[in-house]
Amino acid sequence: MARRPTLSPTKITTYLACPVKYYWTYINPKGKWYLRSKSYYSFGTSLHAVLQRFHDSRDAGVTTTDEAIAALEESWIEAGYSSQDEMMQALAEGKQIVEAHVERAMREPISAQTIVVEKLYRRELGPFVLLGRVDRVDEHEDGTIEIIDYKSGRDTVTEEEVRNDLAMTCYQLILAEHFPDREILASIIAVKSGDKATAQVKGVELDDFRGEIELLGREILDRDWEGVEPVLKERLCPRCDFKSLCVQHPGFELPVLQ
Ligand code: SF4
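Residues numbered from 1 in each chain as written. Predicted model: local features only at pLDDT ≥ 70, side-chain atom pairs only at ≥ 80, totals over all residues. Heavy atoms only, no water.

Draft legend 1. The arrangement of the nonpolar core in detail. If you look at the biggest cluster of nonpolar residues, it comprises 46 residues, and the most contacted ones within it are Tyr-121, Leu-130, Val-162, Leu-175 and Ile-213. Looking at this core, the element that brings in the most residues is helix H7 (residues 166-178), giving seven residues. Leave out the neighbours within four places in its chain, and Tyr-121 touches Val-116, Leu-130, Leu-131, Gly-132, Val-134, Val-137, Ile-174, Leu-175, His-178 and Phe-179. With 22 residues, the next largest nonpolar core counts Ala-68, Ile-148, Tyr-150 and Val-191 among its residues. (Core = buried A, V, L, I, M, F, W, Y, C linked by side-chain atoms within 4.5 Å. Buried < 20%, exposed > 50% of the residue type's maximum accessible area, 1.4 Å probe, protein only. Helix = DSSP H or I, 4+ residues; strand = E, 2+ residues; numbered from the N terminus. Contact = heavy atoms within 4.5 Å.)

Draft legend 2. Here's a closer look at the site of the ligand. The full set of residues close to the ligand is Cys-18, Val-20, Lys-21, Pro-230, Val-231, Lys-233, Leu-236, Cys-237, Cys-240, Lys-243, Cys-246 and Phe-252. When contributions to the shell around the ligand are tallied by element, the ones reaching two or more residues are helix H2 (19-27) and helix H9 (243-246). In terms of residue class, the shell around the ligand is made up of nine nonpolar, no polar and three charged. (Near = heavy atom within 4 Å. Nonpolar A, V, L, I, M, F, W, Y, C, P; charged D, E, K, R; others polar.)

Draft legend 3. Quick peek at the pattern of salt bridges. With the rule as written, the count across this model stands at 19 salt bridges. Note that Arg-4 and Glu-124 form a salt bridge whose closest N and O atoms lie 3.2 Å from each other. Residue Arg-4 is found in the segment before strand E1 (6-7), and its partner Glu-124 is found in strand E2 (residues 112-125); the two are separated by 120 residues along the sequence. Lys-196 is paired through a salt bridge with Glu-146; the nearest N and O atoms lie 2.9 Å apart. Of this pair, Lys-196 sits in strand E6 (residues 195-199) while Glu-146 sits in strand E4 (residues 145-151), placing them 50 residues apart in sequence. According to the relative accessible area criterion, Lys-196 is partly exposed, its value standing at 41%. Each of Arg-36, Lys-38 and Asp-241 takes part in salt bridges that share partners, so that together they form one network. (Salt bridge = Lys/Arg side-chain N within 4 Å of Asp/Glu carboxyl O.)

Structure representation (structure tokens):
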């Protein structure tokens, strides 16, 4: 039996931002030759690896600030930085963030148990499978499940931002099937500052979201990719990895950067 296609919050967000970008990222294999490493991606991945180890109760190697900093040095990804100086500055910032995160976690009273770190969950939705890789899942004493997502590139986060975040709502939709009798909360932690916000989408609102995602998924899967034309997006295109492909289309011109 043929495997169902998969979609993820990242794929869906890419499609909503620009279908042509989706095409080059996920459909046409030639697109990979144009992808460049990004420092913010390397930075986030390096931090995530350490936070994952710190919160993983099976990992006895990262339980103190010093161990967390050593783990950051070990898992540090150098790709994407424009110079050695920029990379060393980012590493120093990363160490400060890790240190502050570990110290905060040790100070806070334990009100929940981490039951999962960095796990890929799946839920079948019509003709496709929706995948969601969650950073962490905590279980509270009253049985409430809390999905936690780390954001390394921001200082603050609000409840409204969590409520309107497509990925966080996808995670709630997926985990609602895995924990059908539990309340499910979603939280984002801005790891630079420790700022945290929590929201919940459930009931009719979650059902509506499910319907929208299923429709969107069908649109993506049924799309005639040969006929997709690039459309200029002033903020996105100048920084896009695929702009050299798009400028080959008649009528597509990038704005001159000031
Ligand atoms: S350059 Fe613009 S139109 Fe082309 S793929 Fe990138 S975002 Fe889309």
